[in-house]
Each structure stands twice: as C-alpha cells, then as structure tokens.
Amino acid sequence: MTSASASAPTPVPAPAPAVGLDLTGKVAVVTGSGRGLGLAYATALAAAGAAVVVNDLDEEVARQAADGIVAAGGRAVAEAVAVGTAEAADRLVERAVSAFGRLDILVTNAGILRDRVLWKMTDDDFDAVVTTHLKGTFTCARAAAVRMREQGEGGQLILIGSPAGQRGNFGQTNYAAAKAGIAAMARTWSMELAKAGITVNAVVPVAATAMTETIPAFAPYIEAMRGGAPLPDFLRKGEGFGTAEDCAALVPFLASDAARDITGQCVGIGGDRLALWSHPQEVATAYADGGWTPGTIAAAWHTSVGREPQTVGIPAPRVPQAPQAPQDAR
C-alpha cells in the first residue's frame, strides 16, 4: 500500500550474480508458519538450503507444513506451541538445536487479529494481540539471541511488521501498537546485538492473505487470482500488493551473507514493489527565545511546525473505475 510520502519508483538494474545467498547449513525457526505468509517464509528458507522449524498453534497444520517442505526436498520439523511465553520460545529454540544442532535465523511471524474500535475493544482483545505479536516477538528473539551469542557465529533476527504499525489503521489499536513496537525493537536490538554479529531487521509485507482479503476493493481481484488470473499492475505495482510468495523472497535474502551489512531497517515488500520505510524523525522545528508558552505555541503552530501536518492511516487503495457499458442509442 502506498505511503503519502513515497517517492517515484526506482528502476531496478539488471541482476548481478547471486553472492552469499546459499543458506545450506543454516537453521531457522519461523513462528506462525503453518499457513499463509509464515509458510511462504519457511518454504523460501528451505528452498535456499536452510533447515526449518515450522511452528503453528495447530499441531496437524504444523506437521503438514513441515511434511510439505520435506516432500519438496527440504529439511523441516514441526513444533506446535502458542507463541507468547518464555517457555514457548525456549521450546522452539530447543527444537532447532535438538533436530539440527544449532540456530542461525529467527523469523517472528506468529500473529492474531482482534479488530475493534477503541471504545469497543476489551482488555482481552488488547492483551491477546499484544501477547502474541509483541511479547511473542520479544520472548522468541531473546531466546534466539541467547543461543546465537553462545554459538559465537552471529545470526539473523527477522521480525515481521505491518503497514499498520508504520501508519496506524482504523479499528486496530492492539495490532498497530504491537507492530509499531516490533519496528522499535528491531532498531533497538540492531544496536544491542551488533557486537555479536547478529543482524536485526523488520519486514513490512503486503499480500493476499486471510487478513487482507476482507478489504472490499481487493476482494474481486483476489478471487480472480485464485481462479488463475494474474493480479493487475495497479495492484502489484501501484499498491505493492501480491501473493505471499512475492513477500517471501525478502526473508532468505535478509538471512543470507549478502545482507550481512543490513541491520536496523524496516523493509517493505509486496507484489512488484520493494521499499525502505523511513524511521520516525523530526520534520519541522521552530524556536522561541526563553522557551514556549501555550500562547506562543498557538500563535506559531500553523505557520511553523504545524504548517504541513503528517498523514495517518494506510491510504485507501486506488482502484481504477470499471469501464461503463455504452448507453443504448435508441
């Protein structure tokens, strides 16, 4: 989805030979990877050579996903546990070590939705989403960082964010807050773990999933895609909206030696678009000798720092109008 401050697309040069993209010998844990984006991430990592621990709350879903990766020639095991607690995080790390001997890559994808406007959101709605997304990312990253530091060979933490965490989204207090926190943790941990050679980045994906197919403007195109029709360019390029597999390419790249100098970044991907999200920063400043009072702020606001207020929310999709049938000339 487009940002109000997005610049014109940058042409992509002809691809150079892949360097350092082979993940053979690496071991990854991908939370929430039984289906959807998580499964796409796990499959892409396995295709690049990594052994993968597939995680899902549903044991059968996790097992089937792992079996599918193995059937395609990859290496994978399943671990069914609800992400959020320290105990769950330790289980996932221990599963990686017991099955494959080490842990090199963590992808924190597990998440749920409990959408409601502020005045209707319950404590349980808020806590459930924050526990899975934010605390789950924290506990899993902490357990992974401990193991990676013990190994002494670096590693990669790949946290999954959302446009809602970058810009806010109506009805998603809990989800937007958690995803914004994940972006902040990526920046913080990139500093804390730098000496250990552990990179930390956040992926901001936009894809046709159960979470996005309910958007009315997208629904007919997603339905057509399921019938074999390609998504139109205005979605793939204009909105940066595509399939889960489109988003998955970024994860093995960030997990590879080719990205060893990339850390602390929020990277968007979807459809045909790859983007770097800006970090929050001051965009306008003003000064008053001796400090400000409520009155001087009010007098200066609209002609200084408040002259161009920042936008909020994910911009509405720009869907072309369908051509109208010609009127009967009779």
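A quick note: this is a predicted structure, and the numbers were derived from the prediction, not measured.

Calculation rules
Residues numbered from 1 in each chain as written. Predicted model: local features only at pLDDT ≥ 70, side-chain atom pairs only at ≥ 80, totals over all residues. Heavy atoms only, no water. pLDDT = per-residue confidence, 0-100. Contact = heavy atoms within 4.5 Å. Pairing = 2+ DSSP bridges. Helix = DSSP H or I, 4+ residues; strand = E, 2+ residues; numbered from the N terminus. Axes fitted to C-alpha atoms, helices over the stretch in contact; angles between N-to-C directions. Phe/Tyr/Trp six-rings, centres within 6.5 Å; stacked < 30°, edge-to-face > 60°. Buried < 20%, exposed > 50% of the residue type's maximum accessible area, 1.4 Å probe, protein only. Polar contact = N/O pair within 3.5 Å; in protein donor to acceptor, adjacent residues only side chain to side chain. Parallel < 35°, antiparallel > 145°, perpendicular 65-115°, else oblique. Left-handed = near helix turned anticlockwise from the far one by under 90°. Nonpolar A, V, L, I, M, F, W, Y, C, P; charged D, E, K, R; others polar.

## Regarding the confidence of the model for the protein
Low pLDDT marks stretches whose predicted atomic positions should not be read closely. Of the residues in the protein, 89% have a pLDDT of 70 or more, and the chain-wide mean is 91. This stretch, residues 1-7, has a pLDDT under 50; its non-local contacts, to residues over four places away or in other chains, come to 18 contacts. Counting contacts from residues 323-330, a segment whose pLDDT is below 50, to residues more than four positions away or on other chains yields zero contacts.

## Thoughts on the sheet that holds strand S4 (residues 105-108)
In space, the eight strands of this open sheet follow the order S3-S2-S1-S4-S5-S6-S7-S8, with mixed pairing throughout. The open sheet has two edge strands with one neighbour each: strand S3 (75-80) and strand S8 (273-276). Strand-to-strand twist across the sheet, computed as the mean angle between neighbouring axes with direction ignored, equals 20 degrees. In the packing of helix H3 (residues 86-100) onto the sheet, contacts are made with strand S1 (27-31), strand S2 (51-56) and S3, and the angle to S3 comes to roughly 150 degrees.

## Examining the packing of aromatic side chains
Inspection of every chain in the model, using the stated rule, returns one aromatic pair. Ring centres 5.2 Å apart and planes at 80 degrees place the aromatic pair Tyr-221 and Phe-234 in the edge-to-face group. Remark: Phe-234 occurs in helix H8 (residues 233-238) and Tyr-221 occurs in helix H7 (residues 219-226); sequence separation between them is 13 residues.

## A look at the environment of Glu-79
Turning to its location among the elements, Glu-79 is positioned in strand S3. Residue classification places Glu-79 among the buried residues on the basis of a relative accessible area of 13%. Spatially, the C-alpha atoms of Glu-79 and Ala-96 are 9.3 Å apart, while their sequence positions differ by 17 residues. Of note is the side chain of Glu-79, whose polar atom sits 2.7 Å from the side chain of Arg-91. Of note is the side chain of Glu-79, whose polar atom sits 3.4 Å from the side chain of Arg-95.

## With respect to the packing of helix H4 (residues 123-151) against helix H6 (residues 173-192)
Orientation of H4 relative to H6, taken along the N-to-C sense of each, is 15 degrees, at an axis distance of 8 Å. Our classification of the angle between H4 and H6 gives roughly parallel. Note on packing geometry: the crossing formed by H4 with H6 is right-handed. Contacts from Asp-125, Phe-126, Val-129, Val-130, His-133, Leu-134, Thr-137, Phe-138 and Ala-141 of H4 reach H6 at Thr-173, Asn-174, Tyr-175, Ala-178, Lys-179, Gly-181, Ile-182, Met-185 and Trp-189. Across the contact of H4 with H6, the residue classes tally to 11 nonpolar, five polar and two charged.

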